[in-house]
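Here's the letter readout for the chains.
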Amino acid sequence: MKTTITICLSICLLWANSIYAQQTITGKVIDGDNNDPLPGVNVMIEGTQEGVSTKTDGTFELKTSQSNPTLVFSFIGFETIRKQVSGSSDLGTITMTPSLVYLTDQVVVSGTRRAEKITETPATIQVIDSRQINELPSFNAGELLSRVKGVEFIRSGVIGTGINIRGFNSNFNAKNLQVNDGRFATLIATGLPLGPLSTFIKEDIDRVEVILGPNAALYGPNAHNGLVNTIMKDPRTSEGTTVALGAGNQNMFTGRLRHAQKINDKLSFRISGEYTRGTEFEFADSVYVTRVDNEGNPYKSAEEELELDNDFEFLKGNASLVYEVTDNAEIVATWGGSNSTYLAPTNVGRNQIKDWRINHYTLKFISDNWFAQAYYTTSKTDSTYAIDERTKQYYRGIDSGLSDAQARGDFSYQSGALFVDDSRRINAEIQHNNSIGDLDIVVGSQFQRDMANSHGTYLLDENENDFITINQIGFYTQLDYKLGNGFKLTGAARGDYHEVYEFNFVPKGGIVKSFENGAARLTYSKGIAAPTILNMYGNLFSGLILGNSDGFTLADGTKVEKQRVEQIQTIEIGYKGKPAKKFYVDANAYYNMSKDFLSPVTVVGVTTERGDQPIEEVQAGYAVFGGLVATYINFGEVDTYGFDLGLNYALSNSLSLNFNYSFFDYYVDEENMENDFNNDGVVNKLDVLVNSPNHRAGFGLNYSGSKFFGTIFTRWVQEYDYFSSFQIAAKTQDLTYRGVPIVENARSADTWNYGPLGGFVNVDVSLGYRINDKFTVSGQVTNLFDSEFREFTASPFIGRLFNFEFKMKLPPIGQ
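Procedures and definitions
Residues numbered from 1 in each chain as written. Predicted model: local features only at pLDDT ≥ 70, side-chain atom pairs only at ≥ 80, totals over all residues. Heavy atoms only, no water. Helix = DSSP H or I, 4+ residues; strand = E, 2+ residues; numbered from the N terminus. Buried < 20%, exposed > 50% of the residue type's maximum accessible area, 1.4 Å probe, protein only. Lys, Arg positive; Asp, Glu negative; His and termini not counted. Salt bridge = Lys/Arg side-chain N within 4 Å of Asp/Glu carboxyl O. Polar contact = N/O pair within 3.5 Å; in protein donor to acceptor, adjacent residues only side chain to side chain. Contact = heavy atoms within 4.5 Å. Phe/Tyr/Trp six-rings, centres within 6.5 Å; stacked < 30°, edge-to-face > 60°. Core = buried A, V, L, I, M, F, W, Y, C linked by side-chain atoms within 4.5 Å. Pairing = 2+ DSSP bridges.

Undergrad: Help me understand the side chain of E280 in this model?
TA: Relative to the helices and strands, E280 resides in the loop between β19 (267-279) and β20 (287-292). For the buried E280, no salt bridge exists, and the shortest N-O distance to an oppositely charged side chain is 6.4 Å, to R350. At 2.8 Å, the side chain of E280 and the backbone nitrogen of V158 are in polar contact. If we skip the residues at most four places from it in the chain, E280 touches G157, V158, I159, Q250, N310, F312, L343 and P796.

Undergrad: What's the story with the packing of aromatic side chains in this structure? I'm lost.
TA: Aromatic rings in a pair are described by how distant their centres are and how their planes are angled relative to each other. Here the structure, examined in full by the defined rule, presents 23 aromatic pairs. Taken together, a centroid distance of 4.9 Å and an interplanar angle of 80° make the contact between Y394 and Y395 edge-to-face. The interplanar angle of 5° and the centroid separation of 6.2 Å between the aromatic rings of Y591 and Y641 together place this pair among those described as stacked. Within this pair, whereas Y591 is found in strand β37 (residues 583-598), its partner Y641 is found in strand β41 (residues 634-650), the two being separated by 50 residues in sequence.

Undergrad: I would appreciate a short explanation of the nonpolar core in the present structure.
TA: Most often, soluble globular proteins have nonpolar side chains that are buried together. Core analysis: the largest hydrophobic core is formed by 29 residues, its most contacted members being V158, I159, L187, L197, F312 and Y342. When contributions to this core are tallied by element, the ones reaching two or more residues are β22 (311-326), β23 (329-346) and β24 (349-367). In terms of residue count, the dominant contributor to this core is β24 (three residues). In contact with Y342, other than residues within four places in its own chain, are I159, P196, L197, D311, F312, F314, N351, Q352 and I353. Counting 20 residues, the second-largest nonpolar core is a separate cluster that includes F597, I633, V638 and V688.

Undergrad: What is the right way to read the sheet that holds strand β13 (residues 176-180) from this model?
TA: Backbone-to-backbone hydrogen bonds pair the strands of a sheet. The strands run either parallel or antiparallel. Taken together, the five strands give an open sheet; going across it, the order is β10-β15-β16-β13-β14, and neighbouring strands pair in mixed fashion. The outermost strands of the open sheet, each flanked by one partner alone, are β10 (124-128) and β14 (183-184). Note that strand β15 (residues 205-212) and strand β16 (residues 226-232) share seven bridges and pair antiparallel. Directly across from R207, in β16, lies its bridge partner I231.

Undergrad: Please explain the pairing of strand β26 (residues 418-436) as it appears in this structure.
TA: One face of the sheet, then the other: side chains in a regular strand alternate in exactly this way. In this structure, strand β25 (residues 370-386) lies alongside β26, joined through 14 bridges in antiparallel fashion. Residue Y376 lies in a different strand from β26, and its bridge partner there is I426. The sheet contact formed by β26 and strand β27 (residues 439-452) spans 13 bridges and is antiparallel. For N434, the partnering residue across the bridge sits in β27 and is I441.

Printed below as a string of structure tokens:
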């Protein structure tokens, strides 16, 4: 009994002594440029896993039993600070200095859906930070993607910017997922990234994280080739009013306004808005119309696009309200909306996007260990149309004897040119993260209900009340285990069930070895690209193009299988780190194994049934087409491989040089006839349509001082051939594409082949001046030497663009 009491007393004394010996270290971290508090700064005890993050007001409180430890303060875009604790435990104010030097302590969230050092994440992640965004003299933050290592940047006009990652680009590319502040930002029916339809403004963006390669284990279908995650500013740490006015050539004007304010210790908000307009580059995308001469003989006539409107206009608005339930939990309500008019390239000419409205409503709960959100998205347009088909229908009317006014009216839309969209989407997600010793755990679930409605204009719905509704649900988990000696193991898995293509399992695994100033990694990951609602339930041009959710029966009894998901498996090695104090290296190499490609639209033959439904009940133009159908199928296996290299050297804290280079190539088994997509008996590049250059590179000089800032960036893209459905951009060669010989600078079926894409060197220059802490002026010239080059089909040659911007930043109301 005495022994038991003695043991208990000893334990209590030890426990009491540990409590007594525990030290509480406090302080506040601020931005050295503007003295604003810095939230989310990592405050770690050097050589341990002990640490905290600063709160929204920049303060922190760290309890430790260690005596006089060394603290490490790290935050993306700022120099890392080490501070020895001695004497007082209150460190007062710690000032962090912004830096152009790439940091090994940068924190990202996209790789594992929780904060971690960029070198320790098991993925290739590139970051566009707040300094780069703030110093860009343009309304379009997407232009910065041209400077990101490993990204195939495409400019399709004055406002059209897009990306592809690791090959297989097309004019309808839904394989790169766009996420805006945790919300899937894609069109409901087509799956395409919102791009110009997005609702946020540049001043709302805190940073952009780009993942190269598949990340479906955490983000689900269509995080196939890569992911772009745009993360918004917190109103509590970005208080004040910002007004930006810009103007340039092509009749460009932009006006943007943002205000963020803390009302009290619990409540804060932000509101923002944008109006932008301008004129697209002049470009004649000829429409080749079948007409009849006086003797009754058909011929192809090149006609101008009917009622082409080169003007673009965007109206955007956002509002967000944050309520702090406790110190470690908050509720966030957000609305965003946009109304957009512009020209968009497609597989069959250009679409005239007219008054396309996007709205989303989001409610989130965020705490240290829990994340939950639900959001509702709507997409609506009443008057968007395919210019190519409307032009052809107009001339059909003229040739049949209609007057000009009659042919331009409702008649010009009757062959399927009009696109109405009245679609909705409901998303919900719940996620929990926790740690047990050296094991970090993330588990979560996502639900999505798509309700697509085209009022019968391009889908197999019949009217405004006939929604095509599809549910899908996914469950995911990720485990990170610290083995010691700088090693970390990662394992992730996801299971998705979709009402049409049913169950799919996606695994991921990796190992990371951290060094003093960097880390190396080896990862395996799988991704899937799911057929979109358009792929499954499309109904274009009176049923000539039909979706393939149920398969088809051909006239000879042959079955065309329904579409499945496209699959990719990737093995990747990479290194991020600083081999020298001012020199940063970011390199990765990968090998992809892809199969069951989602094909572009292709003619499968004369059909008798779609699923178990007679084709004459499905195809509105059966009397004309007789059951002839073009649709989407799966085919083939292709391996792709490549590497990306990024180098950054800091000449000083204000001046840096950066270089990036990417190589990409592919292998296809030419003896495997399953790879013969076009069924011509030969397997070649016209079957796999890689649509990517082998080589591309970029070089930049960046300066960011207390007053002046600027960038010179040069981008080189190797010449390459590009094929996307009826669109072609290729040099002359002894091959036939869709029944037409490939000849440069000549008509190819219903489009014109201007020759290969790429093959250019482009130079962009920007310069800015901070007049004081309130006013900034800046300007930019894109394509400085006015080189004539083309980056996409169904889009203009890119000319010189210049613009100027004035920005005013005012303190919060009442300060």
